[in-house]
Amino acid sequence: MRKFFQEIKADLKFKTAGPGQKLSEPSRAPKEKPKAEVAPKPRQPPTDEAQRAAAAALARLELKPKGKAPCSSQEAIKNQVRKELMAEAAASEKELSREEKEQEEEGAAAPSVSGVYFICPLTGAIVRKEQKEKQLREAIQAYFSVDPVAASIMEIQTLNKDREKVRACVETMAKYLDNIYLHPEEEKYRKIKLQNKVFQERISCLEGTHKFFQAVGFETKTLPVPGQEGAEEEFYVLKEEMLSRLEELRERKEQLLSSEPLRAQLHRQLALFRPSPAAARFELPHDFFNLTAEELRREQRLRTEAVEKAAMLRTRAMREKEEQREMRKYNYTLLRVRFPDGYILQGTFYARESVSVLYNFVREALRDDWLPFELLGPGGLKLTDENLAFNECGLVPSALLSLAWDAAVMADVEAAAEEQRSPLRPELLAGAQTLS
């Protein structure tokens, strides 16, 4: 076969030789030179581009399934959904990073509020959310110079987060005091062994407990152990002068039992804005979202599962459970109420606060708080059930609501008034801002 092709090639060369060229014999093939006489060309290494192409091709080959049984159509759809969601998540992350970079370079849009703030109940100081615990601790420490007993109770209730341990601790401490008040003549009740198992497990391990005992009249003493020569143990012992002030000790016990944790109050950040077409545009800081990076990844996974379950018949209980999970995403909400004259009242709220709180917030901003009105949510839905929480009404993490006056009452008010005036308080109107 090879000889046949060589003869055709030679014949073709013979027929197409140009003028002035020596014609070769069609039946003769040119003699090949011995291989030894031809010097081999050195082999060039593959270029970088060729190496990358080869590596990519090899990777694709390795990713191909080997001998797997064909998936059912439902499994294939699920796999495709997973791929699309993963691609979407990756694209979102990439887009978010790009946007954050652009915002750093060009300057981010000003947020509607700078963050979530709290008011310290002891000092009145307004601090950011992340500084709240530190401010409470410092305020309690400063309060020891005013009332050591009250300050130590605040420490116990506020700085220890396990509520069950706090409850057991307070009940045990109250029992110690009650025994002294009921049996003042018995010396054994006036001593508390510090190494006692119950004292160690329920009291000693919590913040503020030792300060409380010292504040109500106990002092530390090292006493000999009965029946053990040379052995000593530490005790809290009630001072002698406190035996004449047993009624005061009883009051301290009641104060301890009735105490509650010290809570920083959410700062509403009340603001009034002039009429603006930007009322429905919100730029919220990260403080308003209750999702860490790990929780965001979890939400993506839950979304994938939800898509896979979309074709399944879900019960009402299942749907309610998913709705509850959605509601837990946010701790706070920024709400705006637009008045009929266009003015916009803004405040910060807990996502789980009830609608009644918003009604009271609006009334406090009115010149006459008795004026009847209704609040309408997005879409014009009347918020008639004031016991519902904001997250149950879909008013998180932000929402623009509208206020509607009782038409008949407002007509009577306007008829009786000598001059037209805004229903909002004058000091609020004087501080009205422009919404950017």
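Relevant structure appears above.
Residues numbered from 1 in each chain as written. Predicted model: local features only at pLDDT ≥ 70, side-chain atom pairs only at ≥ 80, totals over all residues. Heavy atoms only, no water.

A. View of the environment of Leu266. Residue placement: Leu266 occurs in strand β6 (residues 265-266). For Leu266, a relative accessible area of 5% translates into the label buried. Residues Leu266 and Ile126 lie 140 residues apart in sequence; the distance between their C-alpha atoms is 9.4 Å. For Leu266, the contacting residues outside a window of four places in its chain are Val116, Tyr117, Phe118, Tyr332, Thr348, Phe349, Tyr350 and Glu353. (Helix = DSSP H or I, 4+ residues; strand = E, 2+ residues; numbered from the N terminus. Buried < 20%, exposed > 50% of the residue type's maximum accessible area, 1.4 Å probe, protein only. Contact = heavy atoms within 4.5 Å.)

B. Up close: the nonpolar core. Ranked by size, the top nonpolar core spans 30 residues in total, and within it Phe339 and Leu358 carry the most contacts. Elements supplying a minimum of two residues to this core: β8 (332-338), β9 (344-350), α12 (355-364), β10 (373-376) and β11 (398-405). The element contributing the most residues to this core is α12, with five residues. Contact partners of Phe339, with chain neighbours within four places excluded, come to Leu345, Val362, Leu366, Leu403, Trp405 and Leu424. Ranked by size, the runner-up nonpolar core spans 26 residues in total, among them Val113, Phe118, Leu136 and Ala271. (Core = buried A, V, L, I, M, F, W, Y, C linked by side-chain atoms within 4.5 Å.)

C. Region of interest: the sheet that holds strand β1 (residues 117-119). Strand order across the open sheet formed by three strands is β2-β1-β6, with antiparallel pairing between neighbours. This sheet does not close on itself; its edge strands, each paired only once, are β2 (126-128) and β6. In terms of strand pairing, β1 meets β2 through three bridges, oriented antiparallel. In the strand pairing of β2, Ile119 is matched with Ile126. (Pairing = 2+ DSSP bridges.)

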